[in-house]
Amino acid sequence: MALPKYTEPHYRIWHYVYLTICAAVFFFLIAPLFVIFPLSFNAEEFLVFSDGMKRLDPDAFSLRWYKDMIYGTKNPWGLATKNSFIIAIFATIGSVILGTVAALGLSSRHMPYKGLIMAVLISPMIVPLIISGVAIFFFMAKAGLAATHLGIILAHIILGTPFVVITVTATLSGFDHSVTRAAASLGSNPVNTFMKITLPLILPGVISGGLFAFVTSFDEVVVVLFLAGLENTTIPIQMWTGLREQLSPTILAVATCLIILSTLILVTAELLRRRSERLRGINR
Amino acid sequence: MSSEIKQILTTDGIPLEVSLRKAERRNKIKAFLLVAPLLLFIIITYVFPIGDMLMRSVDDKMVTEMLPKTFKAMEKWDGKELPDEEVFAAFHSDFIKLVDEKREGKLSTQLNYTKNGFKSIIKKLRRKSKSFEEGNYKEQIMAVHKRWANVEYWQAIKRRAPAYTGQKYLKGIDMFKNENGEIVSVPEDRRIHRVLWLRTLEIAFFVTVFCFLMAYPIAHLLATLPMKYSNLLMICVLLPFWTSLLVRTASWMILLQQQGLVNDFFVGIGLVADDNRPEMMFNKTGSYVAMTQILLPFMVLPLYSVMKTISPSLMRAGKSLGGTPFVAFWKVYFPLTIPGIGAGCLLVFILAIGYYITPALVGGASGTLISNQIAFHMKSTLDWSFASAMGLMLLTGVLAIYWVYNKLVGIDNIKLG
């Protein structure tokens, strides 16, 4: 973004103002996340930077909140973590299978009422979560699935499939259908063709849709708040209760772990996106 | 001419046209069968329940369930004179049951919505009803308070009888049907819902505006920088995007508290006195700041993906034709970004209008939105039909926004990610 030499002074000034604005916005976006790291190592119970921390005194830092998170008495994080992972993994598997199969049908040019069906399928993404929460709760209560893992998993499949449908249909839009016809003409049955030809080619889209579904489930709190009983508590529910009642540094320790997890997911998603673009021949 | 052309036949001797149509139909069915599992799943677990919400919102079971015998007896009553003994006896037996279950307080709250003045006479009735003798309940109930002998109060109970009513919707906009069947507003000091609707719209609108103002420059920077720099900066947008909503809300709770870093900074630069730190959380400011930061990526991403497709030579052409950079930007670049602006604003506005978690944590009493009220009625008052009614009003609003957007910009113009 270097300016040409002939730029007039007031445009030069404007350019630096513009860069400063951008820097401020980037700071606003990313800085709040970094408050959490140091405070989660606070030796004291308060959620402010102690004088010791400001002096970088090593005694002011400790791992005590991480210990509390893992070994603390009566602490809910173990159960919550287990539940969160079980629910998110099954919800992801369900969303990916249902969503990918549906996307295959939707991408066919023979599909009738495509617009209407697509609107219904992605509606859980568009409708405000609180409304989805109320509706899903009514269904699960009637079906006797409230306060069960299965109920929450089904709810998260509802919320996760739109992402899979969208990413996979996007991948399929650049898909060359002659390769499946070639496979068919060589005697492969449709299932075999899908597993050997189509799936490997659309895999990046499927995985990134799956990542979206996983994060949606893992981070979802509105619907779970309606559905979960004591046994089905998840990490977001524990965070929510913790933040409402007393903001303890243990929550910050958990938050730090979650930020690390989201960084890993971000890296995976980015790598997949690039790979997918390379495969689809989009070069920039 | 056409009749002379021989029909083209396939090898099986079927006309090609028929054979093609058959194949087409088979393909249609095949495609539909692939979509069917998900479609059925969504319809059963999601679309029907939303319909169920509609049923619940107009189906006022609260009072009818509490006074089943009374309403049965009232069917014969014409509603003009005081009802006869049968109704009073039925009401008495319903009421005793409610008192046993300690639910008479709920009844009085519900009836008070219909007509003011029920609270005190129900309390009185509860006290006196313990010493009631069997038989002639009409006399005994009327003796408790003169209002029980007033036909208007019995009419008020009867008004709650119809199974289907729009009164929950009226309540959602602080109106009700009075004794004469006219629709009027509740007294000014009790209009809580209108305030909430307006506040929801206001916060959603300003959050959208703030997001747009902040996202436009950085999306432009990201789209024009060379790849190796922009990829790095993109992380600043994507990391918050992938990070848990609760984590981000927690970080704002730490930053905005009275002893927090933002206040420390203001004190440090001498903007505010140390002993006079402003309250930045548990009010509207908290909702604004946190929601803007959390929703910002949803504005940046669509803007970025549109700006990425705009060739830089267009700006150069504009400038070479004599426009100043500002004119070139305004006349050439800006109009081309409108699909991205539309998509981003729509997305942020709709997300903001239904926001629940962040306002509940940092919004306090003056920063909560309509969603918080819905959750409150779902979990605390258990008035599910009212929660459903408000949810559907919100949903109608959201769908209306989509419709308007579709008319103005066209939904196909949306570009995501």
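Residues numbered from 1 in each chain as written. Chains lettered and ligands numbered in written order. Predicted model: local features only at pLDDT ≥ 70, side-chain atom pairs only at ≥ 80, totals over all residues.

1. Structural notes on the overall build of chain A
Here is step 1 of the chain: From N to C terminus, chain A includes twelve helices and zero strands.
Here is step 2 of the chain: The helix and strand sequence of chain A, counted from the amino end, reads α-α-α-α-α-α-α-α-α-α-α-α.
Here is step 3 of the chain: Its C-alpha radius of gyration of 24 Å places chain A more than 25% over the 19 Å reference for a compact globule of 284 residues.
Here is step 4 of the chain: For chain A, the proportion of its 284 residues judged to be buried stands at 42%. (Helix = DSSP H or I, 4+ residues; strand = E, 2+ residues; numbered from the N terminus. Rg over C-alpha atoms; globule rule 2.2 N^0.38 Å. Buried ≥ 20, exposed ≤ 12 C-beta atoms within 10 Å, placed from the backbone.)

2. Notes on the interface of chain B and chain A
How big an interface is tends to be stated in terms of accessible area lost as the parts join.
Here is step 1 of the chain: Listed as interface residues are 67 residues of chain B and, on the opposing side, 65 residues of chain A.
Here is step 2 of the chain: Contributing elements (two or more residues each) for the side of chain B that touches chain A: α1 (16-58), α10 (192-224), α11 (227-242), α12 (245-256), α14 (284-307), α18 (357-362), α19 (370-379) and α20 (384-408) of chain B.
Here is step 3 of the chain: Looking at the side of chain B that touches chain A, its residues break down into 49 nonpolar, 14 polar and four charged. (Contact = placed C-beta atoms within 7 Å. Nonpolar A, V, L, I, M, F, W, Y, C, P; charged D, E, K, R; others polar.)

3. Some details on the packing of helix α6 (residues 129-143) of chain A against α20 of chain B
Here is step 1 of the chain: One can describe the packing of α6 of chain A onto α20 of chain B by two numbers: an axis separation of 10 Å at closest approach and a directional angle of 140 degrees. Judged on the interaxial angle alone, α20 of chain B and α6 of chain A are oblique. Relative to α20 of chain B, α6 of chain A is oriented so that their crossing is left-handed. Across from I130, I131 and V134 of chain A in α6 of chain A, the residues of α20 of chain B making contact are A387, S388, G391, L394 and L395 of chain B.
Here is step 2 of the chain: Looking at the contact of α6 of chain A with α20 of chain B residue by residue, the class counts come to six nonpolar, two polar and no charged. (Axes fitted to C-alpha atoms, helices over the stretch in contact; angles between N-to-C directions. Parallel < 35°, antiparallel > 145°, perpendicular 65-115°, else oblique. Left-handed = near helix turned anticlockwise from the far one by under 90°.)

4. Remarks on the domain arrangement of chain B
Here is step 1 of the chain: We note that the domain assignment places domain 1 (17-58), domain 2 (61-186) and domain 3 (192-413) within chain B.
Here is step 2 of the chain: Using only C-alpha atoms to locate each centre, domain 1 of chain B and domain 2 of chain B end up separated by 46 Å. (Domains from an automatic or database assignment.)

5. Remarks on the nonpolar core
Here is step 1 of the chain: If you look at the biggest cluster of nonpolar residues, it comprises 152 residues, and the most contacted ones within it are A102 and V134 of chain A together with A215, L295, V300, V348 and A352 of chain B.
Here is step 2 of the chain: Ranked by the residues each element gives to this core, the list is headed by α14 of chain B, at 13 residues.
Here is step 3 of the chain: Shared between two domains, this core holds at least three residues of each, these being domain 1 (17-58) and domain 3 (192-413) of chain B.
Here is step 4 of the chain: The next biggest cluster of nonpolar side chains, apart from the first, holds 22 residues, and it includes L107, L125, I141 and W154 of chain B. (Core = buried A, V, L, I, M, F, W, Y, C linked by C-beta atoms within 7 Å.)

6. Examining helix α9 (residues 190-219) of chain A
Since the α-helix turns once every 3.6 residues, residues separated by three or four places project in the same direction.
Here is step 1 of the chain: With 30 residues, α9 of chain A extends just 37 Å between its outermost C-alpha atoms, more than 12% less than the 44 Å of an ideal straight helix rising 1.5 Å per residue.
Here is step 2 of the chain: Its maximal kink placed at L203 of chain A, α9 of chain A deviates by approximately 60 degrees, while the proline P204 of chain A follows within four residues. (Expected span 1.5 Å × (residues − 1). Bend = angle between axes of the 7 residues up to and from the residue.)

7. Quick word on the environment of S132 of chain A
All names here are of chain A.
Here is step 1 of the chain: Within the element layout of this structure, S132 appears in helix α6.
Here is step 2 of the chain: Residues S132 and L243, 111 residues apart in the sequence, show an inter-C-alpha distance of 23 Å.
Here is step 3 of the chain: Beyond its immediate stretch of four places on either side in the chain, S132 contacts P124, V127, L159 and V223.

8. Quick look at the packing of α12 of chain B against α14 of chain B
Residue and element names in this part refer to chain B.
Here is step 1 of the chain: Packing of α12 against α14 brings their axes to within 10 Å, and their N-to-C directions diverge by 140 degrees. When the axis of α12 is compared with that of α14, the two are oblique. Between α12 and α14 lies a crossing whose hand is right-handed. Contacts from L245, R248, T249, W252 and L256 of α12 reach α14 at G286, V289, A290 and I294.

9. Thoughts on the confidence of the model for chain A
Here is step 1 of the chain: Residues with a pLDDT of 70 or more make up 96% of chain A, whose mean pLDDT is 86.
Here is step 2 of the chain: The least confident element of chain A is helix α2 (residues 51-54) of chain A, whose mean pLDDT is 72; the most confident is helix α4 (residues 77-107) of chain A, at 93. (pLDDT = per-residue confidence, 0-100.)

10. Regarding the confidence of the model for chain B
Residue and element names in this part refer to chain B.
Here is step 1 of the chain: Of the residues in chain B, 94% have a pLDDT of 70 or more, and the chain-wide mean is 84.
Here is step 2 of the chain: By mean pLDDT, the top-scoring element of chain B is α10 (93), and the lowest-scoring one is helix α2 (residues 61-66) (73).
Here is step 3 of the chain: Every residue in residues 413-417 is under pLDDT 50, and counting partners more than four places away or in other chains gives 13 contacts.
Here is step 4 of the chain: Across the assembled chains, the prediction reports ipTM 0.87 with pTM 0.82.

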